[in-house]
Every structure is written in C-alpha cells, then in structure tokens.
Amino acid sequence: MITADILYVNGRFYTMKAPGDTVEAVAVLNGKIVFTGSLQKAGQIPAEKVVDLKGKPVIPGFTDTHLHLIMDCQEREKVNLTEADSISQVIDLMKERQAQMKETDQWLMGAGLHVERLKEGRFPNRHELDRISKERPIYIFSYCHHAGMANTKALALAGIGKGFRPEVEGTVEFEEDGSPSGIVREMAYDNYFVPVMNDRITDPAYRKALMEKLAPAYSKMGMTTLHTFSSFAGDPLEYLYMYQELEEEGKLPFRIRLNSSAPLAVSIGAVTGMGSDMVKYGAKKIFCDGSLSSRSAALIEPYADAPEQKGILFYSQEEMTHQIKEAYEYGMETAIHAIGDRAMEMVLNGIEEAIKTARPSREGMRFRLIHDILLKESHIRRMKALPVILDVQPIFIRNWVRLARERVGTERLDYFLPFRTFLENGLIVTGGSDAPVDDVNPMIGIQCAVTRQDLTGFPPEGLCPGEAISVYDAVCLYTKNAAYCCNEENERGTLEKGKFADFIVLDQDIFQTDPHGIHKIQVIRTVVGGKTVYEA
C-alpha cells in the first residue's frame, strides 16, 4: 500500500514525459515521488499532509545548466552599467558610486557593459577611466565577462605597463607606443587583477553569507538545481564544503552541481558525481575560445565587421586534446566552452581522439559543449556520433537580434544558435543563463527560444526564425533535458514515480500563454525534495 509524507492535489501537473501529458495529483515520500495520477486515486493514499494547489499549473523544477553563482551574487554589488549608452554615462555612473566610497584602496567595480549600446561603438580606455579617479583602482566588466576595462592605477597594481607581454597574445590591448590601453580580455582578469585585489569575495565567510542572503531569489524564479561554474586563479571562489555546510544548516534551497576549471583532484580521486543528492561534484571546465561580443570567439573566417580579426584560441590542438583525454581517462566529465566554429572544430577533434585512444575506455561518460553559438553543418553531423550534451543559453538571443548579422555576416547565420536543428538531429540540448552574463530567470530564456526575439518583439520575424522551437521543447531545455547533465535523467527532470519531487507551481499555464508573455509568468511555489522552499 502506498503511503505519503505529503500529497499535492488539485493541480495540473505537466509531467514533461511527453507534450500535454498531465496528472492531477502527486504523492511524495522521503523526498521522492511515489504516485502520480488522478484525484480519485490520490484520495485513497494516507498522507501526513495534503496541499491543495487549487487548479494551478505545475511543471518540474527548473535547472540552470550553466551559471556562475557566486559571481552572480557578487555582481549585484557592482555598478550596474547594463543600460549605459555612452562612455560619458559610464563615467557618470561610476562617479556616483565613487562619491559613496571611503577607503581609497577599495576597488571601484562596474559590470554589465554592452559595447554595442555605446554610441562610440567601443569600450572606454584607461585615460577615460582615469577621469573617474587616478588614485583608486577601477575595473569594469563587459556584460559577457570576456572583456574588461581598467584605469591606470589598476593596471599598475596588476603589473601591466609599457612593454608588458601577456601569457596569451591578444588578452591585453596596447596603444601605439606599447603602453596598455586599459582593455583586457579573457583570463587577464583572473591572472593579473584578482591576485592584487583586496576584494571581500576572497573571504570564505563573506561568500557563504552572501550565498545565504541571496539564495531565496533563485528559489523565487523556480530554480531547483543549479550547475555553477567556478574559474580558477589560485582560489576557485566556490568550494563543495561551503554548499555542504549550507545544506547541513538547512540553508540551501536548491541542488548544487559544482563544475570547476581547477586542476583535477587526482590525489583524492574526486570525480563527476561524487557528493550527495543536494551537492555534487560536476565537470571539469575547459575554455577553448572567448566571446563573440568581444570578438575573441575563434572563427574559421574573419569577423564580418572586423576583417582583420578571427578571435583567440586558448590552446593548440595538441594541448586541447591532452586536456580532454586526461580528464576522460581519469573519469571526470568535461564541460568545454566553445563559441566559434574554429573552436568547435578543435573541441570535436579532441573528443574524437580521446574516445578513440583513451585507456581505460570510459563508456557512458558525456562531454558538455558550452554555448555552441556559431557552428558548421559538418559539426552537427559529427556531434550525432558522439556522447555530447549541448549546453546553450537561449536568453543570449535577445543580445544578438540587432548585432548578429553585422558581426558574422548573412551566410553564417544558418547555424547561429540553431536550437531546432540540434533537436531535429537527436542531440541533447540543455538550457542555462551564464549568469551574471545574463538574467538567470528561465522564463526569459524560454520565451527567447520560442520567439527568437528580444522582449520588445524585435525583430518581428525573429532572428533565424527557422530555428524557433515549441514551448514544450523550450521547457524541456531547463527540465527534462537538463537532468542529463551529471547523468541524472533517471532521478530528476520529469514528474514520475521514483524521481525527486522537484517542481514549481505557476500563476499562469506556460503552455497556454501567448509566447510573448512567457517572461511575465510568476512562480508561486517551489518544491525541492517534496518540501516547499518558496511560496509567494
């Protein structure tokens, strides 16, 4: 006989097993679903508690398969430059914060800057940032975090001066006389600036307190699992123990999968999947190239709006193949950042070689390809023969509706964020936000995937409209498909007997709403392991 701790009834539960598949009730025992079915049958199940959902729609909880959680929390404390439309406005906004600061050695930080929104069409240089302050170090992140701007003081502290030579060519920009311009890219921030910052984010106690303070905001958006990615510059900023402590203290309202670019933990044998149901070790993060917005994504042919540039590759083919194979043989899944078609070529070469030559063979392991923005048809054919997961960010569409054609040209748009093509070829596609690069709210990403427009409805026909997907498929990116990361498709992602009771209750039916209004849908209850962690 079935018994339950909690019985959730009178809901329209979309199981996500197939389009339109619904049940009226779900019974939960010890955090897992033990029954799905009709109200009539649910009424025969003894339960300690019954929750009436009053006919509201319910879907599995959202998973963000790619974000930077601590960075996203920290971002909320920087000067928000998202809407800045000129360098003078950037300077004014930064000066406002500067006036509120006391210690002169405290860094003034800005974030969210979109170069395409600035009337000058370029990033501010060090001379312009010096107008804010010459005594205080200043650093600004582009919205994608693949480019940064520093004033002269910050550059000096980082050891970047005339004649400086970065480890990777192209990551530090110089003026004609050999002096740094103040524009830096990619790993320059982690390698040169982070070590000299007196940033509170390096304090473990501060990081934990910040996470505890802001965690409810993610539950409010329906997040039940977060795949957070941590960079490594001596201190990866995110540690399993921090999340484990929060779990033990009852202060972690979502599941964490921690992925890191830190060296493999060979000495202790830590591999993908180690941990608890709430906190697990994820994948080894590897960067192959940069971003399209800063023109550091590696392209086969030059950028349409900068014929002299093809982007940056972080490694040679031999080095990339070695990293992939080393992790694969060790038993660690990899999550590889590849945006441009030249980068994707390198990554696929590495994966194919690893599978072919690795000893021992690691059948069942998957390779996550992150971003996958600009591809070639041949890449998709090769992916079909490989155990890959495409970890995409549908919300990025809104950033490219006005710039994609100018940046890459008309011919290459055929395979620009080609979600429908991926799915039609049987590939596993998951959804994330890359927060703080963009908004973590999955509703915005789902709407962008369906409409191929920004939230204003531009362009009317959509960006590459043939790549638009259905609402069901878009929701799958953040639920059913997302569970394939870390091999959890038999544990989460759909509302089925035996899986964790992770689900969210909505104020509107996402499958019956005008697609242009999906971003307005609100989560009114978030349930993790059968327990309500948020209620409006």
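Rules and cut-offs
Residues numbered from 1 in each chain as written. Predicted model: local features only at pLDDT ≥ 70, side-chain atom pairs only at ≥ 80, totals over all residues. Heavy atoms only, no water. Helix = DSSP H or I, 4+ residues; strand = E, 2+ residues; numbered from the N terminus. Rg over C-alpha atoms; globule rule 2.2 N^0.38 Å. Buried < 20%, exposed > 50% of the residue type's maximum accessible area, 1.4 Å probe, protein only. Contact = heavy atoms within 4.5 Å. Areas by Shrake-Rupley, 256 points an atom, 1.4 Å probe, with all protein chains shown as cover. Lys, Arg positive; Asp, Glu negative; His and termini not counted. Charge placed at Lys NZ, Arg CZ, Asp CG, Glu CD. Core = buried A, V, L, I, M, F, W, Y, C linked by side-chain atoms within 4.5 Å. 1 Å grid on protein atoms, 1.4 Å probe; cavity = no way out; pocket = protein on both sides within 12 Å on 5 of 7 lines; lining within 4 Å. Points joined across faces, edges and corners; volume = space filled by probe spheres on them. Nonpolar A, V, L, I, M, F, W, Y, C, P; charged D, E, K, R; others polar. Phe/Tyr/Trp six-rings, centres within 6.5 Å; stacked < 30°, edge-to-face > 60°. Lys NZ or Arg CZ within 6 Å of the ring centre and 35° of its normal. Expected span 1.5 Å × (residues − 1). Pairing = 2+ DSSP bridges. Axes fitted to C-alpha atoms, helices over the stretch in contact; angles between N-to-C directions. Bend = angle between axes of the 7 residues up to and from the residue. Parallel < 35°, antiparallel > 145°, perpendicular 65-115°, else oblique. Left-handed = near helix turned anticlockwise from the far one by under 90°. Polar contact = N/O pair within 3.5 Å; in protein donor to acceptor, adjacent residues only side chain to side chain.

Observations regarding the overall build of the protein chain
- When its secondary structure is counted, the protein chain shows 16 helices and 24 strands.
- The C-alpha atoms of the protein chain give a radius of gyration of 23 Å, which matches the 24 Å a tight globule of 536 residues would have.
- With respect to the three principal axes, the spread of C-alpha positions in the protein chain is 80 × 55 × 55 Å.
- Looking at the protein chain residue by residue over its 536 residues, the buried ones come to 60%.
- Residue pairs in contact within the protein chain that sit at least 24 positions apart in sequence constitute 72% of those at least 6 positions apart.
- With an accessible surface of roughly 21300 Å², the protein chain has 48% of that area assigned to carbon and sulfur atoms.
- Mean positive and mean negative side-chain charge positions of the protein chain (61 and 75 charges, respectively) differ by 2 Å.

Details of the nonpolar core
- Formed by 104 residues in total, the largest nonpolar core has its most connected members in Leu-69, Met-211, Tyr-218, Tyr-243, Leu-292 and Phe-416.
- Broken down by element, this core gets its largest block of residues, 7 residues, from helix H10 (residues 341-357).
- The residues contacting Tyr-243, other than those within four sequence positions of it, are Leu-69, Ile-70, Met-211, Thr-228, Glu-238, Leu-252, Ile-256 and Val-279.
- Counting 20 residues, the second largest nonpolar core, distinct from the first, contains Met-94, Leu-108, Ile-138 and Ile-140.

Some remarks on empty space enclosed by the protein
- Under the counting rule described, the total for this entry stands at 4 cavities of 30 Å³ or more.
- A volume near 100 Å³ is recorded for the largest cavity.
- Around the largest cavity, the lining is made up of 14 residues, and of these Cys-144, Ser-291, Ile-339, Ile-373 and Phe-396 lie nearest the centre.
- Grouping the amino acids of the lining of the largest cavity by side-chain chemistry returns 8 nonpolar, 5 polar and 1 charged.
- Approximately 50 Å³ is the volume found for the second largest cavity.

Some remarks on the packing of aromatic side chains
- In total, this model carries 15 aromatic pairs according to the counting rule given.
- Ring plane angle 75° and centroid distance 6.3 Å describe the contact between Phe-62 and Tyr-478, whose orientation is recorded as edge-to-face. Taken together, the residues span a long stretch of sequence, with Phe-62 in strand S8 (residues 62-67) and Tyr-478 in the loop between helix H16 (471-477) and strand S22 (503-506) at a distance of 416 residues. Across the pair, Tyr-478 and Phe-62 agree in class, each one buried.
- Aromatic side chains Tyr-139 and Tyr-189 sit 4.9 Å apart centroid to centroid with 45° between the ring planes, which places their arrangement in the tilted category. With a gap of 50 residues between them, Tyr-139 in strand S11 (residues 138-142) and Tyr-189 in helix H6 (residues 188-193) connect regions that are remote in the sequence.
- Of the aromatic side chains, those joined through ring pairs into one cluster are Trp-107, Tyr-139, Phe-141, Tyr-189 and Phe-193.
- The side chain of Lys-32 reaches across the aromatic face of Phe-500, ending 4.8 Å from its centre.
- Over the face of the ring belonging to Phe-458 we find Arg-402, whose NZ or CZ atom lies 3.9 Å from the ring centre.

Digging into H10
- With 17 residues, H10 ought to run about 24 Å at 1.5 Å a step, and its terminal C-alpha atoms sit 24 Å apart, in line with that.
- Where H10 is concerned, the buried positions are Asp-341, Ala-343, Met-344, Met-346, Val-347, Leu-348, Gly-350, Ile-351 and Ala-354.
- Structurally, H10 contributes buried residues whose contacts are with helix H9 (317-330), strand S18 (334-338), strand S19 (367-371), helix H11 (377-383) and strand S20 (388-392).

With respect to the sheet that holds strand S12 (residues 147-150)
- Read across the open sheet, the 6 strands follow the order S9-S10-S11-S12-S14-S13; overall the sheet is mixed. Looking along the sheet, the strands with just one partner apiece sit at the ends: strand S9 (79-80) and strand S13 (172-174).
- Running at roughly 145° to strand S10 (residues 108-113), helix H3 (residues 87-98) makes contact with S9, S10 and S11 of the sheet.

Some words on helix H7 (residues 204-220)
- The terminal C-alpha atoms of H7 lie 25 Å apart, and with 17 residues this matches the ideal 24 Å at 1.5 Å per residue to within 8%.
- Considering bend angle alone, the principal kink of H7 is centred on Leu-214 and spans about 35°; proline Pro-216 follows within four residues of it.
- Listed as buried for H7 are Tyr-206, Arg-207, Lys-208, Leu-210, Met-211, Leu-214, Ala-215, Tyr-218 and Ser-219.
- For H7, the secondary structure elements touched by its buried residues are S8, helix H2 (69-75), strand S15 (223-230), helix H8 (240-248), strand S23 (523-528) and strand S24 (531-535).

Describing the packing of H9 against H10
- Following both chains from N to C, one finds H9 and H10 inclined at 45°, their axes separated by 8 Å at the closest point. Taken together, the axis directions place H9 and H10 in an arrangement best described as oblique. The element H9 and its partner H10 pack so that their crossing is right-handed. Note on element contacts: H10 touches H9 through Met-346, Val-347, Asn-349, Gly-350, Ile-351, Glu-353, Ala-354, Ile-355 and Thr-357, opposite Gln-317, Met-320, Thr-321, Ile-324, Lys-325, Tyr-328 and Glu-329.
- Each residue belonging to the contact of H9 with H10 can be placed in one class, and the counts come to 8 nonpolar, 5 polar and 3 charged.

With respect to the sheet that holds strand S17 (residues 279-287)
- Sheet architecture is open: 8 strands sit in the order S8-S15-S16-S17-S18-S19-S20-S21, paired in parallel fashion. Of all the strands in the sheet, just S8 and strand S21 (428-431) have a single pairing partner and so form its edges. Ignoring which end each strand starts from, the neighbouring axes of this sheet average 25° apart.
- Bridging between S17 and S18 involves 4 bridges; their strand directions are parallel. Looking across to S18, one finds that Lys-284 is bridged to Thr-334.
- Sheet strands touched by H10: S18, S19 and S20. Its angle to S19, the strand with the most contacts, is close to 175°.

So, the side chain of Thr-63
- With respect to the secondary-structure elements, Thr-63 resides in strand S8.
- A distance of 3.1 Å separates polar atoms of two side chains, one belonging to Thr-63 and the other to Arg-492.
- Those residues in contact with Thr-63, other than ones at most four positions away along the chain, are Met-223, Thr-225, His-227, Gly-431, Tyr-478, Ala-482 and Arg-492.

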